[in-house]
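# Breakdown of the fold
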Amino acid sequence: MRRLTLAQRLSAVFALLLLACSGISVWLQIQSNTRHEQAVVQQLSGDLATHIAGTAQLMDADGWRPDAVRDLFDKLMAVNPSVEVYLLDNNGRVVGNAAPPGHLKRDRIDLAPIRRLLAGGSLPVLGDDPRSIETRKVFSVAPVRVDGRPAGYVYVILLGETRDALAAKLADDAVLQTTLWATAVVALLGLFMGLVAFRLITRPLRALTVAVRGFDANGELAAALQVETPDDGGGDEIAVLRTAFAQMGRRIADQWRELTRQDQQRRDLVANISHDLRTPLTSLHGYLELLRLKDDSLSVAERQRYLDIALAQSGKVGRLAQELFELARLESGLVQPELETFSLPDLVQDVLQKFELPAEARQQHLSVEISPALPAVRADLGMIERVLTNLLDNAIRHTPTGTHIAVCMRTLRDRVQVEVSDTGPGIPEAMRDGLFMRASRLLRGAQHSGGLGLVIVQRILQLHGGEVQLAEAHGNGAVFRFTLPVG
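Residues numbered from 1 in each chain as written. Predicted model: local features only at pLDDT ≥ 70, side-chain atom pairs only at ≥ 80, totals over all residues. Heavy atoms only, no water.

### Section: the overall build of the chain
Inclusion rule: Helix and strand definitions here come from DSSP, where helices need a minimum of 4 consecutive H or I residues and strands a minimum of 2 consecutive E residues; each element is numbered from the N-terminal end. Throughout, a residue-residue contact means that at least one pair of heavy atoms, one from each residue, lies within 4.5 Å. For the area figures, the Shrake-Rupley method with a 1.4 Å probe applies, and any residue is considered shielded solely by the protein chains shown.
On a plain count of helices and strands, the chain comes out with 15 helices and 14 strands. In the chain, 65% of the contacts between residues at least 6 apart in sequence involve partners at least 24 apart. Element-wise, carbon and sulfur atoms account for 56% of the exposed surface of the chain, whose accessible area totals about 29300 Å².

Spelled out as structure tokens, the structure:
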């Protein structure tokens, strides 16, 4: 069985409440009209019992005159069939009536309503009906006195049994039908207009439902989600919810695209690493096999040259494996900087000492520029050493003989700025966009990537809340710039 939607359930509840309110309204209107009619009849006929008691000789010295009482009652009820006249003694017992045999159900009337009406209580005042055990009706009453003493009451039911029978018979009267039809029409019209208004009110909710169902897990948003966020943050709750979902959907889409991009980069990295490893391993295997097969026929110089080539290829494999291991650790999320305060110039001097021999072998000049009163920095000493090592190693290996390589440090507000520059040919424009990204197979063929060394540098600096940038160089050369917080 298909469940109703929220809008359908709310509409059903609204319809039930409206119909219930209409029914209660009709019932209250009928009750109000009935009480109004009773009050009017009781007020108009309030003196009827007094008139009867004052104009008719109902008692003499011997007591009640049954013949006179019955004759009077018959005449009154013939003139006004809706009234029923009774004589009560001082205790409320019925001592005279004109009811047909078997119609009298009570032989005693409660005197409390009688006393309340005689005391001027608010109308209508309902009293016991001698012809019904449960029904209470409006009445007129007057005390009867004989020789100045209370002898009982004239008790007149103003809306009697005959009137009730006629009212029941005419219940389908045209006026009553018109009232019921008018009430039904008003209720249906209110229901229709209410449902229309409710549908208009819930239209944003239905649109949001469509948008939620139309959300694509691949990160593409349904067209219905493209809504404008109110400048003042206003709007009803549904509009706010819709805007919040649109923002959430865009964030999910961005995150999904980022995950897709990272996954593709990971695939490319595996492919590139396989390629990079295969080339030196193939070369290493080939020269080792050559040395084994032709060991007896090779001269000492040839054997030394082949061994040097094999060692160089082995170094490439080892360096690539180390960089890959470092990148995997950095991107695992498990490695966090262990911050400490240290002197950056001392660290730079230590790193430069490691590259003095390689630089001299390539006839390259290394220098350091330090601004006065340079403060200490707060960072992970080992990670920053790795950053400087990678940048200097790239500068030495990728610039020609005679290049000048400089490390410049200066204070920049609450941070220390570090620049590693060289006077080489610089970075081609085509390589700059993907310089700090993982090497891609497509970009690799055009030498558009910076390799794993710069990717590691970028990741380390991101863990420190910064990043490395390729700055504009004055003339030829490349300038890599990053900042570290002051300790």
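Moving on from the model shown.
### Describing the sheet that holds strand β12 (residues 415-422)
Condition: Should DSSP find at least two bridges between two strands, the strands are taken to pair. The axes used here are C-alpha line fits, helices contributing only the stretch in contact, and every angle between their N-to-C directions lies in the interval 0 to 180 degrees.
If you trace the five strands from one edge of the open sheet to the other, you get β9-β11-β12-β14-β13, paired in mixed fashion. Lying at the two open borders of the sheet, with one neighbouring strand each, are β9 (365-370) and β13 (469-471). Adjacent strand axes in the sheet meet at a mean angle of 25°, parallel and antiparallel pairs treated alike. Against the sheet, helix α12 (residues 381-397) touches β11 (404-412), β12 and β14 (479-485), its axis set at about 170° to β14.

### Some remarks on the pattern of salt bridges
Basically, it comes down to this: Counted as salt bridges are all cases of a side-chain nitrogen of Lys or Arg within 4 Å of a carboxyl oxygen of Asp or Glu. Throughout this description, buried means an accessible area under 20% of the type-specific maximum (1.4 Å probe, protein chains only), exposed means over 50%, and partly exposed covers the range between.
Per the stated rule, a full pass over the model turns up 10 salt bridges. Notably, a salt bridge pairs Arg106 with Asp128, separated by 3.7 Å at the nearest N-O pair. Pair noted here: Arg106 is in the loop between β4 (94-97) and α4 (111-118) and Asp128 is in strand β5 (residues 126-128), with a separation of 22 residues, a long-range link. With a relative accessible area of 6%, Asp128 lands in the buried category. Notably, a salt bridge pairs Glu385 with Lys354, separated by 3.6 Å at the nearest N-O pair. Of this pair, Glu385 sits in helix α12 while Lys354 sits in helix α10 (residues 344-354), and the two are 31 residues apart along the sequence. We classify Lys354 as partly exposed; its relative accessible area is 45%.

### Focus on unusual backbone geometry
The residue after Leu123, namely Pro124, is reached through a cis peptide bond having omega 0°. The residue Gln363 is not glycine, and still its phi comes out positive at about 55°. Although it is not a glycine, Arg413 adopts a positive phi angle of roughly 55°. With respect to the secondary-structure elements, Arg413 resides in the loop between β11 and β12. On the basis of relative accessibility, which here comes to 73%, the residue Arg413 falls in the exposed class.

### Considering the pairing of β4
Pairing geometry for strand β3 (residues 84-88) and β4, over three bridges, is antiparallel. Looking at the pairing, Leu87 lines up with Gly96 of β4. The hairpin turn running from β3 into β4, its antiparallel successor, is five residues long, and Gly92 in that turn takes a positive phi close to 90°.

### Some words on the environment of Ala12
Looking at the secondary structure, you find Ala12 in helix α1 (residues 6-44). In the structure, Ala12 is positioned 183 residues away from Leu195 in sequence and 9.2 Å away in space, judged by C-alpha atoms.

### Quick notes on the sheet that holds β5
The strand order β4-β3-β7-β6-β5 describes an open sheet built from five strands, whose pairing is antiparallel. A strand with exactly one partner marks an edge of an open sheet, and here the two such strands are β4 and β5. Neighbour-to-neighbour, the strand axes of the sheet open up by a mean angle of 40°, direction not taken into account. With respect to the sheet, α4 is in contact with β3, β5, β6 (136-146) and β7 (149-157), its orientation differing from that of β6 by roughly 75°.

### So, the environment of Val479
Looking at where Val479 falls in the secondary structure, it is placed in strand β14. Note: C-alpha distance between Val479 and Gly426 (53 residues apart in sequence) is 8.4 Å.

### Observations concerning the packing of α10 against α12
Spelled out, the test is: Throughout this description, any angle smaller than 35 degrees is read as roughly parallel, any larger than 145 degrees as roughly antiparallel, any in the 65 to 115 degree range as roughly perpendicular, and the remainder as oblique. The hand of a helix crossing depends on one turn: near helix anticlockwise from the far one by less than a right angle means left-handed, and clockwise means right-handed. Amino acid classes used here: Ala, Val, Leu, Ile, Met, Phe, Trp, Tyr, Cys and Pro are nonpolar; Asp, Glu, Lys and Arg are charged; the rest, including Gly, are polar.
Where α10 contacts α12, the axes come no closer than 10 Å and their chain directions differ by 45°. On the basis of their axis angle, the class for α10 and α12 is oblique. Relative to α12, α10 is oriented so that their crossing is right-handed. On the side of α10, the interface is formed by Leu344, Leu347, Val348, Val351, Leu352 and Lys354, while α12 contributes Leu381, Ile384, Glu385, Leu388, Thr389 and Leu392. Residue composition of the contact of α10 with α12, grouped by class: nine nonpolar, one polar and two charged.

### Focus: the nonpolar core
In a soluble, globular protein the nonpolar side chains are often hidden away together inside. The criterion, for reference: Put simply, buried Ala, Val, Leu, Ile, Met, Phe, Trp, Tyr and Cys residues joined by side-chain atoms within 4.5 Å make one nonpolar core.
Of all hydrophobic cores here, the largest spans 48 residues; its most connected members are Leu344, Ile384 and Phe480. Looking at this core, the elements that each hand over two or more residues are α9 (300-331), α10, β10 (377-379), α12, β11, β12, α15 (451-463) and β14.

### Comments concerning the packing of aromatic side chains
Here is the rule: What counts as a ring pair is set by centres within 6.5 Å for rings of Phe, Tyr and Trp (its six-membered ring), and what kind of pair is set by the plane angle: stacked under 30 degrees, edge-to-face over 60, tilted for all other angles.
Under the defined criterion, the tally for this structure stands at two aromatic pairs. Arranged with centres 5.1 Å apart and planes meeting at 35°, the rings of Phe139 and Tyr155 form a pair that is tilted. Pair noted here: Phe139 is in strand β6 and Tyr155 is in strand β7, with a separation of 16 residues, a long-range link. Take Phe139 and Tyr155: they sit in the same class, and that class is buried.

### Some remarks on the environment of Ala142
Mapping Ala142 onto the fold places it in strand β6. Residues contacting Ala142, with those up to four places away along its chain left out, are Ala49, Thr50, Ala53, Gly152, Tyr153 and Val154.

### What to know about the side chain of Asp422
Residue placement: Asp422 occurs in strand β12. Relative accessible area serves as the criterion here: at 10%, Asp422 is assigned to the buried category. Leave out the neighbours within four places in its chain, and Asp422 touches Ala395, Thr399, Thr403, His404, Ile405, Asn476, Gly477 and Ala478.

### Quick word on α12
What counts is decided by this rule: The span expected for a helix works out to 1.5 Å for each residue beyond the first. Pairs of N or O atoms are called polar contacts if they sit within 3.5 Å, as long as, within protein, a hydrogen donor faces a hydrogen acceptor (for residues adjacent in sequence, only side-chain-to-side-chain pairs).
Its 17 residues place the ends of α12 24 Å apart at the C-alpha level, agreeing with the 24 Å of an ideal helix rising 1.5 Å per residue. Among the residues of α12, those classed as buried are Met383, Ile384, Val387, Leu388, Thr389, Asn390, Leu391, Leu392, Asn394, Ala395 and Ile396. For α12, the side-chain oxygen to backbone nitrogen distance between the N-cap and Gly382 is 3.1 Å, and the N-cap itself is Asp380.

### Here we look at the confidence of the model for the chain
Cut-off, in case you're wondering: pLDDT: the predictor's confidence for each residue, scored from 0 to 100.
Averaged over the chain, the pLDDT score is 79; the fraction of residues at 70 or greater is 84%. This stretch, residues 226-233, has a pLDDT under 50; its non-local contacts, to residues over four places away or in other chains, come to 12 contacts.

### Looking at the side chain of Asp129
Tracing the backbone shows Asp129 in the loop between β5 and β6. Side-chain polar atoms of Asp129 contact the side chain of Lys137, separated by 3.3 Å.

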